[in-house]
Amino acid sequence: MARVLEVCVDSLASAQAAVQGGADRLELCSALALGGLSPYTALLQQIKRRWDIPVRCLMRPRAGDFLYTPDEIELMCAQIEALRQCGADGFVLGALTPDGDLDANALQPMLAACGNLPRTLHRCIDVSRDPAATYRSAAALGFDTVLTSGAAAACTGGEAVLRKLLQLRNAESAPEVLIGAGVNAAVITHMRQQLPSARAFHMSGKMLLESLMRFRRADIPMGLPGLDEWHIQQTDAQAVRAARQALYDL
C-alpha cells in the first residue's frame, strides 16, 4: 500500500498551501477551530477547479459529541449528496451510540448516500468505548480508512492503541490506519521509528497569520469567549513539505 499524507483544510488558501507542500489528499471541512464541521459546496468547487487532488469531505453538522438525531443524520445525507454532485472524492464520517459503540444504524443511510466513493471513519473512534472493536465495526461497514490518534489527545500518546490497530490492519487486511492529532515532520519520523508499518498520516500544519485589520474593537467576541479573532489559522506549505519529506525519505 502507498504512503499517504492527508492535510485537513478549511479554506482555499490552506488548500493551496497543502498542494504546494505536496499533500497526497485533502480532508475538506469548515471551522477547524471547532474541530472541523461539514464544508461548503462552493469551497469544494473552488478547490476542484484549481487542483487535481483527491478531496474527502468531513461530515459533521455541529461541534460536540457524535450522538446524532434523525434530523442531523438526514442533514448529513443531504450534504453528502450535494458534495458528491460538486466533485467530492470521498467522505469522512462517523457516529456513536449512547454507550460509545459505532452506530451502524445511524451510519447506514450516510454510507448509502456516499455510493461507491471511499469513506474514512473519523476520530469518533478516539472517544469510543473500545477502539479495537470500533475499528472492526468500521471494517465490517466498508470503511477503507480510519483516522485516529490512538484514543489520545495527541497521537504520540496513543502509540499502544495505534500499534494494536496496525496489527489488526496487517492481519485482517482491514482499513488503513490514518494517524492524526499533533502530526508534524518530527512526529512522523518518531512514529515511523516506533511503528514501522505506519504509512498514512493526517495533519493540518496550521500557522497563525496576523489579521490585516488596523481598527480593532476589543471585548466583543464573535464566537466562543476567548477565541482569538485577530489571527487566522492557515496551513503552512513549509510544514507540509517537511512532513512529506519525513514520510517519503525514510
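Structure shown above.
Only a predicted model underlies this, so the values are computations on that prediction, with no experimental measurement involved. (Residues numbered from 1 in each chain as written. Predicted model: local features only at pLDDT ≥ 70, side-chain atom pairs only at ≥ 80, totals over all residues. Heavy atoms only, no water.)

1. A look at the packing of aromatic side chains
Note the threshold: Aromatic rings from Phe, Tyr and Trp, taking only the six-membered ring of Trp, are treated as a pair when their centres fall within 6.5 Å; an angle between ring planes under 30 degrees marks them as stacked, one over 60 as edge-to-face, and anything in between as tilted. By definition here, charges over rings are those cases where NZ of Lys or CZ of Arg is within 6 Å of the ring centre and within 35 degrees of the ring normal.
In this structure the tally under the stated criterion is zero aromatic pairs. One Lys or Arg, R244, reaches over the ring of Y248 and ends 4.3 Å from the middle of that ring.

2. So, the pattern of salt bridges
We count it as follows: For this analysis, a salt bridge means a side-chain nitrogen from Lys or Arg found within 4 Å of a carboxyl oxygen belonging to Asp or Glu. Burial status follows relative accessibility: with a 1.4 Å probe on protein chains alone, a residue under 20% of its type maximum counts as buried, one over 50% as exposed, and anything between as partly exposed.
Under the counting rule described, the total for this entry stands at 12 salt bridges. Across the pair D126 and R123 runs a salt bridge whose closest N-O atoms are separated by 2.7 Å. Relative accessible area serves as the criterion here: at 11%, D126 is assigned to the buried category.

3. Quick word on helix α6 (residues 159–172)
For clarity, the threshold we go by: Put simply, DSSP marks the helices as runs of H or I at least four residues long and the strands as runs of E at least two long, and each gets a number from the N terminus on. Here, expected helix span is obtained from the residue count minus one, scaled by 1.5 Å. Contacts: residue pairs with any heavy atoms within 4.5 Å of one another.
Counted at 1.5 Å a residue, the expected span for α6 with its 14 residues is 20 Å, and the 20 Å between its end C-alpha atoms agrees. Within the span of α6, buried status applies to E159, L162, L165, L166, L168 and R169. The secondary structure elements touched by the buried residues of α6 are α5 (131–141), β6 (145–148), β7 (176–179) and α7 (185–194). One or two steps after α6, the chain reaches S173, where phi turns positive at roughly 50°.

4. Topic: α5
We apply this condition: Residues adjacent in sequence count toward polar contacts only when both atoms are side-chain atoms; beyond that, a polar contact is any pair of N or O atoms within 3.5 Å, and within protein one must be able to donate a hydrogen and the other to accept it.
Taken as a whole, α5 has its buried residues at P131, A132, T134, Y135, A138 and L141. Against α4 (104–114), β5 (119–121), β6, α6 and β7 lie the buried residues of α5. The backbone nitrogen of A132 has a side-chain oxygen 3.2 Å away, supplied by the residue at the start of α5, namely D130. Taken from the residues just after α5, G142 is the one with a positive phi, measuring 95°.

5. Considerations on the nonpolar core
General note: in soluble globular proteins, nonpolar side chains tend to be found buried as a group. Let me state the cut-off plainly: For this analysis, a nonpolar core means a set of buried residues of the types Ala, Val, Leu, Ile, Met, Phe, Trp, Tyr and Cys, connected via side-chain atoms within 4.5 Å.
Residues L26, C57, F91, L93, L107 and F201 are the most contacted members of the largest nonpolar core, which totals 66 residues. Among the elements that take part in this core, α4 stands out by supplying six residues, more than any other. If you look at the next biggest cluster of nonpolar residues, it comprises five residues, including C8, C29, L58 and V92.

6. Some thoughts on the state of the cysteines
Basically, it comes down to this: We call a pair of cysteine sulfur atoms a disulfide whenever their separation is within 2.5 Å.
For the structure shown, the criterion picks out zero disulfides. Cysteine C29 is unpaired, with the sulfur of C8 as its nearest cysteine sulfur at 3.7 Å. C8 provides the cysteine sulfur closest to C155, a residue in no disulfide bond, and the two sulfurs are 14 Å apart. When its relative accessible area of 0% is taken as the criterion, C155 is described as buried.

7. Details of the side chain of T235
One can find T235 in strand β10 (residues 231–235). For T235, the side chain forms a polar contact with the main-chain oxygen of S204, separated by 3.1 Å. In contact with T235, not counting residues within four places along its chain, are V7, C8, V9, S14, A17, A18, S204, G205, K206, M207 and V240.

8. Notes on the environment of K48
By the secondary structure assignment, K48 is in helix α2 (residues 41–50). In this structure the C-alpha to C-alpha distance between K48 and D89, which are 41 residues apart in sequence, comes to 10.0 Å. When sequence neighbours within four positions are dropped, the list of residues in contact with K48 reads I53, V55, C86, G87 and D89.

9. A few points about the packing of α7 against helix α8 (residues 237–249)
Test applied: Think of each axis as a best-fit line through the C-alpha atoms, taken over the contacting stretch in the case of a helix, with angles from 0 to 180 degrees between the N-to-C directions. Note on angle classes: values under 35 degrees are labelled roughly parallel, values over 145 roughly antiparallel, values of 65 to 115 roughly perpendicular, and the remainder oblique. Should the near helix be turned anticlockwise from the far one by less than a right angle, the crossing is termed left-handed; should it be turned clockwise, right-handed.
Contact geometry of α7 with α8 gives a least axis separation of 8 Å together with a crossing angle of 15°. Here α7 is positioned roughly parallel relative to α8, judged by the angle of their axes. In terms of crossing hand, the pair formed by α7 and α8 is right-handed. Contacts from A185, I188, T189 and R192 of α7 reach α8 at A242, A243, A246 and L247.

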